[in-house]
Amino acid sequence: MTRIAIVGVAGRMGRTLVNAVQQDAGATLAGGVVEPGSSLVGTDLGELAGVGRLDVTAVDSLEAILDDVDVLIDFTSPQVTLANLAACAAYGKAIVIGTTGLDDEQLAELDGYRDRVPMVFAPNMSVGVNLTLKLLETAAKALGDEGYDIEVIESHHRHKVDAPSGTALKMGEVVADALERPLKEYGVFERVGQCGPRSDREIGFATVRAGDIVGEHTVMFATEGERIEITHKASSRMTFAKGAVRAARWVAGQGNGRYSMQDVLGL
Ligand code: NAD
């Protein structure tokens, strides 16, 4: 039985994760962490998540519970995640990181823990999205440089704070790697005013933010006479939460290293 603690347990993903851990026969909820000083300290995590009393209460100090935890699941913000990684290294614990929006410096800092912590880091924990990444790699390799314009379009709810989504960037990276077109050079993230026609090799990104959209991603390969669109639509956060719990069970048995959902799923 893998003992899991959730950081950011009061958040949208945190509450869904409580539900997902409850539904998983191989995992048990060992704790939940809220922001320091939060009025939710002491609240029953099951009641917080709307799944009935669980007799595990929210704390605001990770260190207070880490001894009794196998794996941490963290869906918070970049700075909080990096602090939690340091705690995992100090206590010899594994971590599953769903947080997105890390800049290059923060990604380098995260990567620095690969020899000290078993971690799964994935901008999207859904099994379907990770299969989609594989399909995109196949499509990009098959279409190659045969004149297909590539565009990544993503839609999310009005509360999302980073753009494009971590998943859209990951999809762009997979295509860019397959075509040997580094995103830093070929990614186009903004078109406004007299920006001229698109170039042949660019990979364009477009972002929609509206209402309660859980997460939709389309990668379009368009040429004269045809268009291929590979789309993934998430209809509930449960898909990310279930993937994260699966990753937690998997990483509990791994040595130090930075793993992806592709590793977890054996894709
Ligand atoms: P949210 O704002 O609803 O939740 C974040 C929570 O973290 C908040 O409740 C906040 O109070 C809490 N928090 C902040 N500082 C904290 C601290 N020091 N200790 C404990 N808790 C703290 O956001 P969300 O929609 O749940 O998303 C969180 C992150 O997960 C975002 O980066 C989002 O992009 C990402 N996300 C990833 C996936 C994936 O599959 N990888 C899926 C959905 C969301």
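Residues numbered from 1 in each chain as written. Predicted model: local features only at pLDDT ≥ 70, side-chain atom pairs only at ≥ 80, totals over all residues. Heavy atoms only, no water.

- With an unreviewed UniProt entry as reference, the protein is termed 4-hydroxy-tetrahydrodipicolinate reductase, source organism Halomonas cerina.
- Under Subcellular location (unreviewed entry), UniProt gives the following word-for-word description of the protein: "Cytoplasm".
- Word for word, the UniProt comment on the protein under Subunit (unreviewed entry) is "Homotetramer." (UniProt positions renumbered as here; feature names shortened; annotations may be inferred.)

### Section: the sheet that holds strand E12 (residues 257-259)
Here is step 1 of the chain: With respect to topology, 7 strands assemble into an open sheet ordered E3-E2-E1-E4-E5-E6-E12, the strand pairing being parallel. Both edges of this open sheet fall to strand E3 (58-59) and E12, since each of them pairs with a single strand only.
Here is step 2 of the chain: Here strand E2 (residues 27-33) runs beside E3; their pairing, made up of 2 bridges, is parallel. Considered in E3, the bridge of valine 33 is made with valine 59. (Pairing = 2+ DSSP bridges. Helix = DSSP H or I, 4+ residues; strand = E, 2+ residues; numbered from the N terminus.)

### Thoughts on the site of the ligand
Here is step 1 of the chain: Surrounding the ligand, one finds 22 residues, the nearest of these being Arg12, Met13, Glu35, Thr100 and Met125.
Here is step 2 of the chain: Within the contact set of the ligand, an oxygen atom lies 2.6 Å away from a side-chain nitrogen or oxygen of threonine 100.
Here is step 3 of the chain: Take alanine 122: an N or O atom from its main chain is 3.1 Å from a nitrogen atom of the ligand.
Here is step 4 of the chain: Coverage of the ligand by the protein chains reaches 78% of its 860 Å² of free accessible surface.
Here is step 5 of the chain: Of the residues in the shell around the ligand, the class split is 12 nonpolar, 7 polar and 3 charged. (Near = heavy atom within 4 Å. Polar contact = N/O pair within 3.5 Å; in protein donor to acceptor, adjacent residues only side chain to side chain. Areas by Shrake-Rupley, 256 points an atom, 1.4 Å probe, with all protein chains shown as cover. Nonpolar A, V, L, I, M, F, W, Y, C, P; charged D, E, K, R; others polar.)

### Points about the UniProt feature "domain: Dihydrodipicolinate reductase C-terminal" (unreviewed entry) in the protein
Here is step 1 of the chain: In this numbering, the UniProt entry assigns the feature "domain: Dihydrodipicolinate reductase C-terminal" (unreviewed entry) to residues 128-265.
Here is step 2 of the chain: Secondary structure across residues 128-265 comprises 38% helix and 28% strand; the distance between its end C-alpha atoms is 11 Å.

### Describing the sheet that holds strand E7 (residues 149-156)
Here is step 1 of the chain: Spatially, the 5 strands line up as an open sheet ordered E8-E9-E7-E10-E11, and their pairing is mixed. The open sheet has two edge strands, strand E8 (187-188) and strand E11 (226-234), and neither has a second partner.
Here is step 2 of the chain: Sheet topology places strand E10 (residues 215-223) next to E11; 9 bridges connect them, and they run antiparallel. Within the sheet, the bridge partner assigned to alanine 222 lies in E11 and is arginine 227.
Here is step 3 of the chain: Contacts from helix H5 (residues 127-143) reach E10 and E11, with the element oriented near 165 degrees to E11. (Contact = heavy atoms within 4.5 Å. Axes fitted to C-alpha atoms, helices over the stretch in contact; angles between N-to-C directions.)

### Considerations on the nonpolar core
Here is step 1 of the chain: Judged by nonpolar contacts, the single largest core of 37 residues is most densely connected at Leu17, Ile73 and Val96.
Here is step 2 of the chain: Here this core gets 8 residues from one element, more than from any other, and that element is helix H8 (residues 238-251).
Here is step 3 of the chain: Contact partners of valine 96, with chain neighbours within four places excluded, come to Val71, Leu72, Ile73, Asp74, Val120, Met125, Ala244, Ala247, Ala248 and Val251. (Core = buried A, V, L, I, M, F, W, Y, C linked by side-chain atoms within 4.5 Å. Buried < 20%, exposed > 50% of the residue type's maximum accessible area, 1.4 Å probe, protein only.)

### Describing the packing of helix H1 (residues 12-23) against H8
Here is step 1 of the chain: Between H1 and H8, whose axes approach to 8 Å, the crossing angle comes to 55 degrees. Taken together, the axes of H1 and H8 are oblique relative to one another. The handedness of the crossing between H1 and H8 comes out as right-handed. Along its contact with H1, which presents Met13, Thr16, Leu17, Asn19, Ala20, Val21 and Gln23, the element H8 presents Met238, Phe240, Ala241, Lys242, Ala244 and Val245.
Here is step 2 of the chain: In terms of residue class, the contact of H1 with H8 is made up of 9 nonpolar, 3 polar and 1 charged. (Parallel < 35°, antiparallel > 145°, perpendicular 65-115°, else oblique. Left-handed = near helix turned anticlockwise from the far one by under 90°.)

### A short note on unusual backbone geometry
Here is step 1 of the chain: Of note, the bond from alanine 163 into proline 164 is cis; its omega dihedral lies within 30 degrees of zero at -10 degrees.
Here is step 2 of the chain: Structurally, proline 164 can be placed in the loop between E7 and helix H6 (166-179).
Here is step 3 of the chain: Phi angles above zero are rare outside glycine, and glutamate 180 is one such case at about 55 degrees.
Here is step 4 of the chain: Structurally, glutamate 180 can be placed in the loop between H6 and helix H7 (183-186).

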